[in-house]
Amino acid sequence: MRTLRALVAAALLCLVPVLPAHAAADITYDFEDGTTQGWGPRGGGVSVAASADAAHGGTSGLLTTGRTATWHGASIAAPFVKGVTYRVTAYARLVTGQPAATIALTVQRTPTGGETTYERVAAAAVTDGEWVRLAGTYLFSADSSDLQLYAESSDATSQYHLDDIVISPQGDPTREPISTDFEDGTAQDWSPRAAATLQPSAGAAHGGSRSLAVTGRSASWDGPAINVLGRMGKGDKYALSVWVRLGPDTAAGRLGLSIERRSAGTTSYERIVPPKDVPAGEWVRLAGTYTLAYDVDFLSVYVESDGGTFPFYLDDFAMTYVAPKPIQTDIPALKDKVPFTMGSALTRPDTLGVHGELLARHFNGITPGNELKWDATEPREGEFAFADGDHLVDFGVRHDMTVRGHTLVWHSQTPAWVFEGPDGAEADKETLLRRLENHVRTLVTRYKDKIAVWDVVNEVIDENQPGGLRRSKWYEIAGLDFVRTAFRVAREADPDAKLFINDYNTEFPRKREALHALVKRLKDEGVPIDGVGHQLHLNIEQPPASYVEDTLERFAPLGVDQQVTELDVSVYTDFVSSYDSISPELLAEQGHRYKELFDVFRRQAAKLSSVTVWGESDDVSWLNTWPIPRLNAPLLFDHDLQAKPAYWAVVDPSKLPPLVRKLEAPAGTVKVDGKRDLQWDLLPDAPIARVGDVSAAFQARSAPDGLYVLAEVTDPTVNVTDRVTFTVDGTAHTVTRFGGSRAAVNRTATGYRVEALVKKGADVDVTVRDRTTTTSWTGKVTAVPAVKLTSAAHRAPVLDGVVEPAWRTAPEIRTATWIQGTSGATARVRSLWSGSTLYVLAQVTDPTLSEESANPWEQDSVEIFVDPGNGKTKGYTDDDGQYRVSFSGRLTVGGTFDAAGVKDNLSAVAKVVPGGYVVEAAIKLPTITPAEGTLLGFDVQVNDATGTARTGAVTWNDSTRRSYLDTSHWGVLRLVRT
């Protein structure tokens with residue numbers, strides 16, 4: 001069959017001359033002269049003739065009959081020239097009485113030295129009732145022969161008409177936008193990837209009156225695709241967007257935008273927009289950017305789901321070239337302004353164009369983000385792929401940069417085969433370590449003298465596990481020997497490379513101590529660990545910069561080098577919120593946050609050899625798609641590669657815009673005696689940045705007679721100039737280290753504490769002075785209601801839904817803060833504790849109960865919020881939990897990401913009683929050691945459902961409606977012995 005196709009193409013070459021490369025005229029086939037104008041039969045028995053039986057324009061068209069195979073049809077020697085992009089359009093219609101079929105225009109060509117390929121240009125569903133437009137673009141870039149353009153059909157015997165075929169050479173198609181709106185009733189260049197049916201539809205539309213209906217999908221990846229080969233230039237950036245909506249009778253689904261590219265026979269898939277939720281009945285925009293970083297011979301954009309084959313609509317697709325903004329060359333280079341290596345993560349597109357210029361100007365270190373991981377370098381055992389890794393490493397070497405290898409061993413992005421033995425069983429320890437040794441030795445040897453630092457093992461700590469080690473496949477099969485083996489082999493392969501263990505959340509005390517214990521243990525064994533990497537994926541508020549400093553100081557005595565390996569600062573404090581735009585005020589706040597961090601890095605420069613930001617600019621940050629797709633701006637340069645306040649925070653903080661902070665002052669009174677009352681412990685202190693050895697933190701309480709203020713000052717040296725000045729609405733009140741009016745001072749282990757009563761006001765400045773050193777906090781203070789406080793008695797009840805006498809020892813609180821509605825279900829709540837378990841009893845008044853909604857928060861239920869550290873943060877930390885119990889005893893748990901740190905903490909019993917229900921819950925607190933006086937962040941919410949809707953919700957303390965995202969407005973629960 002293939003031989004016949006080639007012979008047909010060769011015969012047709014004599015009919016139409018090939019268009020010279022310089023020609024720019026359109027080639028049109030309209031068949032009005034009564035001839036086939038060079039088109040001939042493809043396949044035995046096929047007849048192609050000019051016919052007046054049907055015409056799209058004029059009086060004649062091209063009739064194809066006698067087909068007996070899908071590839072049979074009308075064919076012409078393709079007038080295509082290498083390197084020129086062509087727009088191809090045609091109109092098709094079936095002969096009367098023929099069943100509906102898909103008609104496609106396809107190119108056959110044979111690359112020099114390669115195999116014949118068949119490339120679809122355009123396709124559409126065609127009937128005998130009307131003319132349908134086929135349209136697409138075509139480009140080929142390899143020397144080829146036997147080029148043939150032909151029409152084929154999904155029905156082997158279809159008879160069809162063609163007319164008004166136009167082939168148009170394009171000028172510079174990489175700069176021309178693509179847009180499709182389906183208003184002309186055609187698929188406008190979209191084709192199915194497999195079995196899907198694409199049909200213009202008036203059943204739904206985002207704009208205008210039509211969209212494209214996608215049905216009959218055979219797999220999650222099957223659906224609509226548009227050919228963009230030749231429409232994207234290598235190294236160029238494009239903005240892409242499309243609107244999608246679920247099809248009829250589809251209740252839920254997730255859709256995303258992806259790209260398929262092929263280079264030298266290798267197919268790759270990249271996501272432009274990861275699949276996102278598409279609520280039923282709503283249009284959702286999928287929008288992102290893409291930079292083509294490869295030479296390709298196939299390029300297609302497509303919409304796919306992350307599961308299922310449900311129908312959907314798409315509309316208003318647009319792809320637009322994004323002209324780069326020149327990088328700023330009149331600003332200092334980052335690498336010249338810091339006392340350590342200044343690095344950036346990168347991918348292949350980041351080495352091209354203005355991104356490559358930015359990297360070369362500002363950074364003297366690079367970390368390939370994904371190209372050296374196991375799935376990229378050894379996807380199948382013994383088959384190594386280094387093209388992308390070589391490209392990035394060579395870029396670093398060429399620009400005299402320190403290259404970090406990331407990463408040799410990780411629990412993620414490791415192919416399944418690594419852990420598999422014969423017949424699908426799990427690999428044994430010997431096999432796993434042999435594979436590990438081969439992989440590590442191969443990579444480190446290949447890049448010897450090029451990669452100076454390796455992340456040998458990555459993210460092996462899980463502080464929630466006994467012993468603090470992640471229960472990965474590596475650990476389950478090989479124990480700690482996988483870590484020992486990886487470091488040993490890496491040292492043997494390149495004795496000069498620095499070998500690091502790398503992890504995230506090392507700034508938090510529990511993770512810090514677990515990693516510290518492991519590093520100390522392994523170094524004591526002689527394992528060649530040279531350094532510790534701290535990722536530092538932070539946000540604009542948490543954790544405090546002091547946590548980072550504590551971590552760097554904690555590891556220093558181990559004699560290891562330290563590096564910040566993956567720094568970014570999200571503008572979000574939770575994993576759900578999303579902004580349409582990011583305000584200048586938020587960017588200023590982020591800038592000051594970067595300043596605090598780089599102040600720490602400079603102070604600790606003797607212990608810190610490198611700081612790497614995880615991406616050079618906001619447009620390439622992973623946080624644009626993780627944990628959800630949303631606009632983020634976590635890096636030093638913006639989406640246009642221009643310097644942000646965060647950049648100036650590093651090179652010249654004096655150019656930062658002023659920062660006005662915000663602080664709430666709950667109602668409350670304290671005794672001004674320099675002692676820390678319980679009232680102050682209900683909330684964490686607001687930190688004041690460290691300058692030299694001096695730092696501070698403060699709080700405020702609003703009262704009828706003024707504003708109570710507290711300052712905790714860290715200042716190890718006593719000096720007569722030591723003082724704190726509270727300025728409220730322009731009136732200053734100074735308290736020296738030795739006392740002051742309406743104030744009290746007490747010495748502490750690290751400095752001194754000041755309490756004072758000052759005038760009421762909103763504009764507050766707190767300045768701490770020590771000789772010539774000054775640090776301050778300036779902002780707005782807002783009076784808010786008091787933080788509610790209750791207590792849990794020391795008892796252990798039986799978890800059976802029965803209100804036993806033990807509960808009477810605990811005080812009762814009531815939910816009375818309405819966050820939805822003004823009446824409905826409420827609860828009386830008591831708490832107990834014993835050992836490391838908190839017990840909560842909720843007696844709910846609710847005569848009508850419902851679990852009809854699929855969403856647990858819309859069912860009649862009780863939510864218990866617990867923060868073991870009472871951190872009062874604007875997002876959840878790993879041990880903060882939202883524990884929900886429905887009236888029938890259904891349990892759901894929320895927390896960070898997938899609530900991995902808390903999902904197993906809850907057990908509960910629910911029992912329906914006259915007029916409502918009782919919930920008795922036990923919540924484990926494994927991250928703290930509960931004791932007399934321990935304070936927990938705590939709140940309770942009752943959800944009241946009517947049918948499938950939540951019609952009311954009421955809490956104990958938090959009035960913000962953000963308890964599920966934010967712990968900062970929860971109440972406080974105190975553990976007592978009585």
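Preceding this section is the structure that the text describes.
Residues numbered from 1 in each chain as written. Predicted model: local features only at pLDDT ≥ 70, side-chain atom pairs only at ≥ 80, totals over all residues. Heavy atoms only, no water.

This paragraph deals with the packing of aromatic side chains. Per the counting criterion, the structure on display carries 28 aromatic pairs. Ring centres of W374 and W474 lie 5.6 Å apart, and the angle between their planes is 40°; on these two criteria the pair is classed as tilted. A residue pair is termed long-range when its members are at least 10 positions apart, and W374 in helix α3 (residues 374-377) and W474 in helix α6 (residues 473-478) qualify at 100 residues. When the centroid spacing of 5.7 Å and the interplanar angle of 25° are considered together, the rings of W474 and F482 count as stacked. Per residue, the accessibility class of W474 equals that of F482, and both read buried. An aromatic cluster is defined as three or more aromatic residues linked by ring pairs; in this entry it consists of W374, W417, F419, W474 and F482. Its guanidinium or amino end placed over the ring of F298, R262 lies 3.7 Å from that ring's centre, counting from NZ or CZ. (Phe/Tyr/Trp six-rings, centres within 6.5 Å; stacked < 30°, edge-to-face > 60°. Helix = DSSP H or I, 4+ residues; strand = E, 2+ residues; numbered from the N terminus. Buried < 20%, exposed > 50% of the residue type's maximum accessible area, 1.4 Å probe, protein only. Lys NZ or Arg CZ within 6 Å of the ring centre and 35° of its normal.)

Each regular strand carries side chains that alternate between the two faces of the sheet. Counting buried positions over the 6 residues of strand β23 (residues 341-346) gives 5, a clear majority of the element. Here β23 pairs with strand β31 (residues 608-613) via 4 bridges, running parallel. Bridging across to β31, S344 finds its partner in V613. Pairing of β23 with strand β24 (residues 365-368), which is carried by 4 bridges, proceeds in the parallel orientation. For L346, the partnering residue across the bridge sits in β24 and is P368. (Pairing = 2+ DSSP bridges.)

The sheet built from 5 strands is open, its strands ordered β32-β41-β40-β36-β37 with mixed pairing. The sheet is open, and its two borders are formed by β32 (661-666) and β37 (731-736), each paired with just one other strand. Strand-to-strand, the axes of this sheet are offset by a mean angle of 30°, without reference to chain direction. Examined bridge by bridge, strand β36 (residues 723-728) and strand β40 (residues 763-770) share 6 bridges and lie antiparallel to one another. Along β40, the bridge assignment pairs T725 with T767. (Axes fitted to C-alpha atoms, helices over the stretch in contact; angles between N-to-C directions.)

A few words now on empty space enclosed by the protein. Taken as a whole and assessed by the stated rule, the structure comprises 3 cavities of 30 Å³ or more. Taken as a whole, the largest cavity encloses approximately 80 Å³ of empty space. Looking at the largest cavity, it is lined by 14 residues, and the ones nearest its centre are E459, V460, R470, S472 and F482. Of all the secondary-structure elements, those providing two or more residues to the lining of the largest cavity are β25 (402-410), α6 and α7 (481-493). Size it by volume and the second largest cavity reaches roughly 50 Å³. Forming the walls of the second largest cavity are E119, R120, Y138, L139, N227, L229, D297 and F298. (1 Å grid on protein atoms, 1.4 Å probe; cavity = no way out; pocket = protein on both sides within 12 Å on 5 of 7 lines; lining within 4 Å. Points joined across faces, edges and corners; volume = space filled by probe spheres on them.)

Turning next to unusual backbone geometry. With an omega of 0°, the peptide bond running from H406 to T407 counts as cis. Take T407: it is sitting in strand β25. For the peptide bond that leads from Q542 to P543, omega is -10°, which places it in the cis range. Here P543 lies in the loop between β29 (537-539) and α9 (545-555). Its identity is not glycine, yet Q188 carries a phi of approximately 45°, on the positive side. One can find Q188 in the loop between β12 (178-180) and β13 (190-192). Positive phi is not limited to glycine here, since Q413 has a value of about 55°. Checked against the element boundaries, Q413 lands in the loop between β25 and α5 (429-446).

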